[in-house]
Amino acid sequence: MNAYADDQVPDAQELRIGFIESITGPAASYGEEHTQGTQLAIEEINKAGGYNGHPVVALREDDKSDPASSITSAKKLITQKKVDAIVGSSASLVTIAFSKEDERYKVPLVNGMAGSPKVTEQGYKYTWRIKITDQQTDTKAVEYFIKHKGAKTIGFLVENSDYGKPPTKGAAERAKELGAQVVAYEEYNRGDIDFKAQLSKIREHQPDLLFIHGYYTEGSIIARQIHDLGIKSQVIVNEGQGLPKFAELAGKAANGVVFPTTWLVGLPDARSQQFEKAYEAKWGQKPGAFAAGSYEAVYTVLEAAKRGDGATRAQIQAGLSKLDGFDTLLGPIHFDVKNQNDGEVRLAHFKEDKIEPLPL
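Report follows, based on the coordinates. As the structure is a computational prediction, the values presented were derived from the model and not from experiment.

Conventions adopted
- Residues numbered from 1 in each chain as written.
- Predicted model: local features only at pLDDT ≥ 70, side-chain atom pairs only at ≥ 80, totals over all residues.
- Heavy atoms only, no water.
- Helix = DSSP H or I, 4+ residues; strand = E, 2+ residues; numbered from the N terminus.
- Rg over C-alpha atoms; globule rule 2.2 N^0.38 Å.
- Buried < 20%, exposed > 50% of the residue type's maximum accessible area, 1.4 Å probe, protein only.
- Contact = heavy atoms within 4.5 Å.
- Core = buried A, V, L, I, M, F, W, Y, C linked by side-chain atoms within 4.5 Å.
- Salt bridge = Lys/Arg side-chain N within 4 Å of Asp/Glu carboxyl O.
- Pairing = 2+ DSSP bridges.
- Right-handed = clockwise from strand over helix to strand, strands pointing away.
- Axes fitted to C-alpha atoms, helices over the stretch in contact; angles between N-to-C directions.
- Expected span 1.5 Å × (residues − 1).
- Phe/Tyr/Trp six-rings, centres within 6.5 Å; stacked < 30°, edge-to-face > 60°.
- Lys NZ or Arg CZ within 6 Å of the ring centre and 35° of its normal.

Moving on, we get to the overall build of the protein chain. For the protein chain, the helix and strand inventory stands at 11 helices and 12 strands. Relative to the globule expectation of 21 Å for 360 residues, the C-alpha radius of gyration of the protein chain, 20 Å, shows essentially globular dimensions. Expressed as lengths along the three principal axes of its C-alpha atoms, the size of the protein chain is roughly 65 × 40 × 35 Å. Every one of the 360 residues in the protein chain was classed for burial, and the buried ones make up 58%. Considering only residue pairs separated by 6 or more positions, the protein chain has 69% of its internal contacts joining residues 24 or more positions apart.

See below:
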């Protein structure tokens, strides 16, 4: 059976997982990692015997990087294709939009990529996230430079949305608690291409750190304009920009840019090494943290079905509450009362077009 099947009659003994992914639109690079990570997991699981002796059925929908489209995708997967759980999306605003459908129909949603804190701040019982939030990752990066590199001042340039503002507001508050001064907090809209007005204001303060939170599409342009304006601050970007595509688009301006991440290639544990080897063999490229998170979201659904003693929506939901200590590439699962996982944050940087761990 093909790993992805679009039109099959549901079998009561099957585990049917729906995938909502940004195949097209501005978040397509994120969607590509999501697709590759989830497809690898499905193929591994089915090669090993599937669930209960039956291949896991995977059904995909393209959210088109658009919240409204994602709601349609969720309804289709839930009401027409009768999925038992949903994995996705790679984009925060999309996930926030369609998660209300999972709540409405009581279908477990497991997310391994989207970073906005709001995903698990909506009070939904059926939304579970194995990846830590962008507020956690952003804050850890800021903490490191204040505590260990002596940073005293910080400026922010962030996307004006629930993706960009909540994480950086939290990081800014933590910076103040540590005695640093937030000298600028500027915003932009997705799709903008000229950021020189905001950057000129930031340049007046010459901050030690300049944190850019948004998509790589705008972030790579911002990096180039930072370079053109001669701003010498240490640039930090959010995990969502820690992709080869950022370096490709930013060119030499990417060199030295730091980002927090939940997973990196080259980690010594056996599961990381196995995943890295399998991913590269299948896709001909190294995986990133988003591929790792989406890969593990599939294994999380599978384990939940096992611990819940069945593949119905209710059994998977019950199983998700029994996963404490289940080990993943992102670390062991410890869901809090909001179904939000905790985990480790690592720092990486772009060095000559490559992503490498930041020497600490």
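Looking at the element boundaries, Val83 is found in the loop between α2 (67-80) and β3 (85-88). For Val83 and Leu15, which are 68 residues apart along the polypeptide, the C-alpha to C-alpha distance reads 7.9 Å. Not counting chain neighbours up to four residues away, the residues in contact with Val83 comprise Arg16, Ile17, Gly18, Leu59, Leu77, Ile78, Val107 and Arg313.

This paragraph deals with the nonpolar core. Core analysis: the largest hydrophobic core is formed by 48 residues, its most contacted members being Ile86, Leu199 and Phe246. Ranked by residues supplied to this core, first place goes to helix α7 (residues 216-228) with 5 residues. Those residues in contact with Ile86 that lie beyond four places of it in its chain are Gly18, Ile20, Leu77, Ile78, Phe98, Asp102, Val107, Pro108, Leu109 and Val110. Counting residues in each nonpolar core, the second largest holds 39 residues, with Phe19, Ile42, Ile45 and Tyr299 among its members.

To continue, consider the pattern of salt bridges. This structure, assessed with the given rule, holds 20 salt bridges. Here Glu43 ties to Lys282 by a salt bridge, and the two come within 3.1 Å at their closest N and O atoms. Of this pair, Glu43 sits in helix α1 (residues 28-47) while Lys282 is found in helix α9 (residues 270-283), placing the two residues 239 residues apart along the sequence. Given the relative accessible area of 27%, Glu43 is considered partly exposed.

Once that is clear, we can look at the pairing of β3. Of the two faces of β3, the one carrying Ala85 and Val87 and the one carrying Ile86 and Gly88 are both buried. Of the pairings in the sheet, the one linking strand β1 (residues 16-21) to β3 comprises 4 bridges and is parallel in character. Across the sheet, residue Ile17 finds its bridge partner in β3, namely Ala85. Handedness of the crossover joining β3 and strand β4 (residues 109-111) through helix α3 (residues 92-105): right-handed.

Moving on, we get to unusual backbone geometry. The residue after Gly88, namely Ser89, is reached through a cis peptide bond having omega -15 degrees. Tracing the backbone shows Ser89 in the loop between β3 and α3. Of note, Asp309 is a non-glycine position whose phi angle comes to about 65 degrees, a positive value. The topology assignment puts Asp309 in the loop between α10 (289-307) and α11 (313-320). Judged by its relative accessible area of 63%, Asp309 is exposed.

For Ala41, the position within the fold is in helix α1. On the basis of relative accessible area, Ala41 is assigned to the buried category, the value being 0%. With 255 residues separating them along the chain, Ala41 and Glu296 place their C-alpha atoms 7.6 Å apart. Not counting chain neighbours up to four residues away, the residues in contact with Ala41 comprise Tyr295, Val298 and Tyr299.

As a further point, take the side chain of Gln225. Along the chain, the position of Gln225 falls in helix α7. Every residue in contact with Gln225, bar those within four places of it in the chain, is listed here: Ile193, Asp194, Phe195, Lys196 and Leu199.

A word on the pairing of strand β6 (residues 153-159). For β6, a buried count of 7 out of 7 residues is recorded, marking the element as mostly surrounded by other parts of the structure. Across 7 bridges, the pairing between β6 and strand β7 (residues 181-188) is parallel. Paired with Phe156 across the strands is Tyr185, a residue of β7. Regarding topology, helix α5 (residues 165-177) serves as the crossover connection from β6 to the parallel β7, and that connection is right-handed. Two elements, β6 and strand β8 (residues 209-213), share 5 bridges in a ladder whose sense is parallel. From the neighbouring strand, Ile154 faces β8, where its bridge partner is Leu209.

Turning next to the sheet that holds β1. An order of β2-β1-β3-β4-β5 is seen for the 5 strands of this open sheet, with the pairing classed as parallel. Strands at the two margins of the open sheet, each flanked by one partner only, are β2 (57-62) and β5 (127-129). Averaged over all pairs of adjacent strands, the angle between strand axes in this sheet comes to 25 degrees, irrespective of strand direction. Bridging between β3 and β4 involves 2 bridges; their strand directions are parallel.

Over its 13 residues, α5 extends 18 Å from the first C-alpha to the last, a length consistent with the 18 Å expected when each residue adds 1.5 Å. Looking at the buried residues of α5, the elements they touch are α4 (134-149), β6, β7 and β8.

Here the structure, examined in full by the defined rule, presents 15 aromatic pairs. Between Phe156 and Tyr185, the aromatic rings sit 5.7 Å apart at their centres with planes inclined by 45 degrees, giving tilted as the arrangement. In this pair, Phe156 sits in strand β6 while Tyr185 sits in strand β7, placing the two residues 29 residues apart along the sequence. The class of Phe156 is buried, set by a relative accessible area of 0%. On the basis of relative accessible area, Tyr185 is assigned to the partly exposed category, the value being 22%. Sitting above the plane of the Tyr185 ring, Lys169 keeps its charged end 4.2 Å from the centroid. We note Arg271 situated over the ring of Tyr299; from NZ or CZ to the ring centre the distance is 5.1 Å.

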